Amino acid sequence: MVRKSLLTTAAVVAVGSLALAGCSGGSAPADGAETDTINAELWYAPATFDPAKASATSDRTIARLGFDTLLRQGDTEALVGGLATEWESTSASEYSFTIRDDATCADGTAITPSVIAASFEYLTGLEDSGAQTWKAQAFGTGEATFTADDEAGTLDVSLSEPYSQLLYGVTGSGTGIICPAGLEDTEGLAAGTVEGAFSGPYTLTDSTAGVSATYSLRDDYDAWPAWETVEGEPAATINLTVQPDSNTSANLLESGGVDVARFYDSNALRFEEDDSYSVVSFASSAYNLVFNQSPGSGSVFEGNPELRAAVAQAIDPQGFNNAGLDGLGVEQFTVNSASYNCALEEPSLLHDYDPAAASELLTGQNIRLLIMSNWDPAADYLAESLRAAGATVEVSAPDPADWTKQMRTEPGTWDVAVAAENAESGLIHLSIARYLGPTYAEGGTNVAYTDNPEGVEFYEAGMNAADSETQCENFLAAQETILEDTAMMPLITDTHRYVARDGFATYVLSGYWDISAMRIVG
Amino acid sequence: MSTQTHESSPVSGPGTPVLDGPPRAASLGGAWRRFLLRRGVGLVINLALLVIVTFLIVQLIPGDPATAIAGESATLAQVELVRTQLGLDQPFFVQFGTYLLGVLQLDFGTSFRYRVPALEVVMAAVPFTLAITVAAVILLLVLGLALGMAVGVATRGDRRRWLGGTFNVVTGVISSVPVYVQATAFVVIFAVLLRVLPPAYSPAYGFGIAAILPIASLTVGGMCSVARIVRRETAVILEQDYMRTARGWRLPALSLYARHMLPNLLTTALTLSGIILTALLGSALITEAVFAWPGLGGVIVQAIAIDKDYPIIRAAVFVIGLISLVITLVIDVILGLIDPRTLGEKRG
């Protein structure tokens, strides 16, 4: 009986303690005028704090806080200086950067051209899929040689194969400069425990794998890019928690639980008419319809441009937008967002929506549609549009990883697929290469299995051109060949919104949301 | 009840074995040894099955981990590089052997995504999950007991029939509503409309205040279930002779109900709470999603849906299973202490 009484007493005490803890633990969130902290969210937990190995969106986002890049995307012009103050290209293979002389690592080490060269050599030497992607985006597919001159304060980059997009490539957060302390302890670098590794404005001061990360502003940092429109004070502390649900984000933003939140759906509309919040938007993904032209795959679209055109006529991109994106997407005229540099900006090469004309060719056709599993409304819309035009449609909606794998390596299993293209890199050539050139099996990224020598010629001319005007001319011509052949059909650009509550601000710079540009505006 | 067991001594007769020495302490000790041995062996077998089944089940999760980890921009060569680095190119039995050897050393492998030991990631989230589930179980046990007893006493002998009917309807409805629906309703009422509590976890709030709604949503349904059973048990106990006698002696209400009735209700309530806690671990994973609670739920969902992170999934399922098994064992031990008949021995 004594034991029973003890149990009862213990339970009552425990409940009382819980109640007290619950009642005493809280405090109202501070507004911008009272705080030096920004609370924000990540959809998924960062996997690594090593910028060179960053592959997921969250990895790339946090890399921007801790590691500065040579160049940055600007607000009033496309590029502004980061660690480099001047830059020039004598050809698509030779680049030269003048490095600022006042930048330091978090441990006080000066960031010299040699430090930057060592960081790039680490990146290009890694056998890691994330690093190899960054290497390809920054320095192309050939070998890169880095020559540092600390006395002159310059870094020369020489490429074995021409790559005209280097200047944009070195704005990528994965090319962030890792200081010598990080290169000496790469395991600590990946875990975020080497304070001296950081070259950017913030250092990681706390993190729990899968849960949260806290960044603190460096006292000695003064290498902010020369943005002209970014106003306010950088936060002394940035708390990032993992929170993937859009409804919860909206509720937290309204209650002050977070200060800045990202939205991909109509939850963003809760804030658009409210003066207490500011909203910026940017292209997140480009959705395209890809026609499989792989020889011998059995695809109905192989060698049949008229049928491809008929599908494009049967589908209304705005209907797709309404079905899949709550109507929040924006028009797209080419392989990626119209906001991209060197992207086609008008719809003259697109087929008009004309289901009656489409049905003449589509009636009686059997079409296998491949789409990822979490896109049911969009899949339904596409399938029903084609069925309405007389086609018989078989929908396959595997898991996203299987969807990717099937598109790249199993052309015998699909005729037409919905492809989601990352629209945050800003590099149009990556999207062009999805629809021409070597296929995945051949070491390339052509997911449509097209044979388009004219387009390839324009693409390569763009990659080899030193001046940006010639680059764009050729990249635009390559896009035109893709659209004229109806190798793909642009559907819609998925536009995401960042909402900041009163007292806080966030910025999109040349189409890129930069976490390090979050500010407290009082 | 243990008191009744002690009072009903066996009667000797022809063929009855003769007991040597002090029979009760010796047989109780033996019962405990056999109970613990039996449960210990059961625990080991269950854990072994858990480890094996978990290994096999994750292979059935759709999606290629190498493709998921390599990212959308990866070439096929990069995907294959990831596959090799993760050891997924090894034959099935080699992977299984490596896994078993690792588990014996409590090493579930390195997370595909985080590149740190999987158990480390899981154990970082476990305290968050346990904080709300254990608190919820304690609350639902105490509140369910209090509510069930109060209504049971108030309605004994068919008194206050309206109260009994209302109690049945209200608790029945509430306990039938899924936890995630209750959680969403709580967010709408207390966070969105009234704005008196945080809608979800955030560093902007204290841990305690952010935990109130998750704990409440896990508590309410279980509390109603416990209260319904306790109320019925209360009605039965109140009709027992010893309770009639106690009432006849005009014992004070506190003594009557707290000292004589409550201990007799604990066996049922504790047994039920063990079952509820196990179920709550599952519910908590969903509740965590509603409240952005940084527990095991988010870790598991990301591991399955996004990353195909086999080591994390295996470690998480193992830890949840282990918690469930250990809690069940602890509750059985407590029940054994309260009522030795539950040790599973036919005594006397």
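Residues numbered from 1 in each chain as written. Chains lettered and ligands numbered in written order. Predicted model: local features only at pLDDT ≥ 70, side-chain atom pairs only at ≥ 80, totals over all residues. Heavy atoms only, no water.

Draft legend 1. Main features of the environment of Gln-78 of chain B. Here Gln-78 of chain B is to be found in helix H4 (residues 76-86). Separated by 11 residues in the primary sequence, Gln-78 of chain B and Thr-67 of chain B have C-alpha atoms spaced 9.0 Å apart. (Helix = DSSP H or I, 4+ residues; strand = E, 2+ residues; numbered from the N terminus.)

Draft legend 2. Structural view of the state of the cysteines. All names here are of chain A. This model, assessed by the stated rule, comprises 2 disulfides over all chains. Paired by a disulfide, Cys-105 and Cys-179 hold their sulfur atoms 2.0 Å apart. Taking the torsion about the S-S bond as the criterion, the Cys-105 to Cys-179 disulfide, at about -95°, is left-handed. You can see Cys-105 sitting in the loop between strand E5 (94-99) and helix H3 (113-125) and its partner Cys-179 sitting in the loop between helix H5 (166-169) and helix H6 (180-184), a full 74 residues away along the chain. The burial state of Cys-105 is the same as that of Cys-179; both residues are buried. With its disulfide-bonded cysteines labelled consecutively along the sequence, chain A is connected as 1-2, 3-4. (Disulfide = S-S within 2.5 Å. Buried < 20%, exposed > 50% of the residue type's maximum accessible area, 1.4 Å probe, protein only.)

Draft legend 3. Up close: the nonpolar core. Ranked by size, the top nonpolar core spans 132 residues in total, and within it Leu-70, Phe-97, Phe-139, Leu-166, Tyr-215, Leu-289 and Leu-362 of chain A carry the most contacts. A domain-level breakdown of this core finds at least three residues from each of domain 1 (33-259 + 503-520) and domain 2 (283-496) of chain A. Those residues in contact with Phe-97 of chain A that lie beyond four places of it in its chain are Leu-70, Leu-71, Ala-84, Glu-86, Trp-87, Gly-153, Thr-154, Leu-155, Val-157, Leu-166, Leu-167 and Val-170 of chain A. Grouped together as the second largest cluster of nonpolar side chains are 109 residues, Val-121, Ala-210, Val-230 and Ala-303 of chain B included. (Core = buried A, V, L, I, M, F, W, Y, C linked by side-chain atoms within 4.5 Å. Domains from an automatic or database assignment. Contact = heavy atoms within 4.5 Å.)

Draft legend 4. Structural detail: helix H4 (residues 129-139) of chain A. Residues and elements named next belong to chain A. A large share of H4 lies buried, amounting to 9 of its 11 residues. A side-chain oxygen of the first residue of H4 lies 2.8 Å from the backbone nitrogen of Gly-130; this N-cap is Asp-128. Just downstream of H4 lies Gly-140, where phi reads positive at about 80°. (Polar contact = N/O pair within 3.5 Å; in protein donor to acceptor, adjacent residues only side chain to side chain.)

Draft legend 5. View of the interface of chain A and chain B. Counting residues at the interface gives 58 residues for chain A, matched by 59 residues for chain B. Note on chain A versus chain B: buried area summed over both sides is about 4800 Å², and carbon and sulfur give 62% of it. Here chain A is connected to chain B by 3 salt bridges. The partner of Arg-195 of chain B in a salt bridge is Glu-254 of chain A, and the shortest N-O contact between them spans 3.9 Å. The interface formed by chain A and chain B contains 7 residue pairs in polar contact (both at pLDDT 80 or more). At the level of secondary structure, the elements contributing two or more residues to the side of chain A that touches chain B comprise helix H1 (2-24), H4, strand E10 (237-242), helix H8 (246-255), helix H14 (400-409) and strand E15 (416-422) of chain A. Considering every element that reaches the side of chain A that touches chain B, the biggest residue donor is H1 of chain A, with 10 residues. By residue class, the composition of the side of chain A that touches chain B is 20 nonpolar, 25 polar and 13 charged. (Buried area = accessible area lost by both parts, 1.4 Å probe. Salt bridge = Lys/Arg side-chain N within 4 Å of Asp/Glu carboxyl O. Nonpolar A, V, L, I, M, F, W, Y, C, P; charged D, E, K, R; others polar.)

Draft legend 6. Representation of the packing of aromatic side chains within the structure. Within this structure, the stated rule accounts for 31 aromatic pairs over all chains. Consider the rings of Trp-43 of chain A and Tyr-264 of chain A, whose centres lie 5.5 Å apart with planes at 90°: the pair is edge-to-face. Taken as a pair, Trp-43 of chain A in the loop between strand E1 (37-42) and helix H2 (57-66) and Tyr-264 of chain A in the loop between strand E11 (260-263) and helix H9 (269-272) lie far apart in primary sequence, 221 residues in all. What makes Tyr-264 of chain A partly exposed here is its relative accessible area of 35%. Ring geometry for Phe-139 of chain A versus Phe-146 of chain A: centroids 5.1 Å apart, planes at 70°, classification edge-to-face. Grouping residues by exposure puts Phe-139 of chain A and Phe-146 of chain A together as buried. Here a set of aromatic residues connected by ring pairs shows up, and it is made of Phe-55, Phe-92, Phe-93, Phe-96, Tyr-99, Phe-108 and Phe-318 of chain B. In this structure, Arg-519 of chain A packs its charged tip against the face of Trp-224 of chain A, placed 4.6 Å from the ring centre. The ring centre of Tyr-99 of chain B lies 4.9 Å from the NZ or CZ of Arg-314 of chain B, which sits over that ring. (Phe/Tyr/Trp six-rings, centres within 6.5 Å; stacked < 30°, edge-to-face > 60°. Lys NZ or Arg CZ within 6 Å of the ring centre and 35° of its normal.)

Draft legend 7. Spatial organisation of unusual backbone geometry. All names here are of chain B. In this structure, Arg-115 is a non-glycine residue whose phi angle is positive, near 60°. Arg-115 sits in the partly exposed class, given a relative accessible area of 34%. For Arg-195, which is not a glycine, the phi torsion comes out positive at approximately 55°. Position of Arg-195 among the secondary structure elements: in the loop between helix H8 (179-193) and helix H9 (207-238).

Draft legend 8. The arrangement of the sheet that holds strand E6 (residues 144-149) of chain A in detail. Residue and element names in this part refer to chain A. An order of E4-E5-E7-E6 is seen for the 4 strands of this open sheet, with the pairing classed as antiparallel. The sheet is open, and its two edges are formed by strand E4 (84-91) and E6, each paired on a single side. Mean inter-strand twist for the sheet, computed between neighbouring axes without regard to direction, equals 15°. Note that E6 and strand E7 (residues 154-159) share 6 bridges and pair antiparallel. Each bridged residue has a counterpart across the sheet, and for Ala-144 the counterpart in E7 is Leu-159. (Pairing = 2+ DSSP bridges. Axes fitted to C-alpha atoms, helices over the stretch in contact; angles between N-to-C directions.)

Draft legend 9. Spotlight on a nonpolar patch on the surface. A cluster of nonpolar side chains, contributed by Leu-37, Val-41, Ile-45, Leu-49, Val-53 and Ile-57 of chain B, occupies part of the molecular surface with about 550 Å² of accessible area. Its place among the elements puts Val-41 of chain B in helix H2 (residues 23-58). (Patch = residues over 30% accessible without salt bridge, like charges linked within 9 Å, V, L, I, M, F, W, Y side chains within 5 Å. Areas by Shrake-Rupley, 256 points an atom, 1.4 Å probe, with all protein chains shown as cover.)

Draft legend 10. How the structure looks around helix H17 (residues 468-484) of chain A. Residues and elements named next belong to chain A. Compared with an ideal rise of 1.5 Å per residue, which puts 17 residues at 24 Å, H17 spans 24 Å between its outermost C-alpha atoms and is within 8% of the ideal. Buried within H17 are the following residues: Gln-471, Cys-472, Asn-474, Phe-475, Ala-477, Ala-478, Gln-479, Thr-481, Ile-482 and Leu-483. Among the structural elements, helix H15 (428-432), helix H16 (453-464) and strand E16 (488-501) are those in contact with the buried residues of H17. Directly after H17, the chain includes Thr-486, whose backbone phi takes a positive value near 50°. (Expected span 1.5 Å × (residues − 1).)

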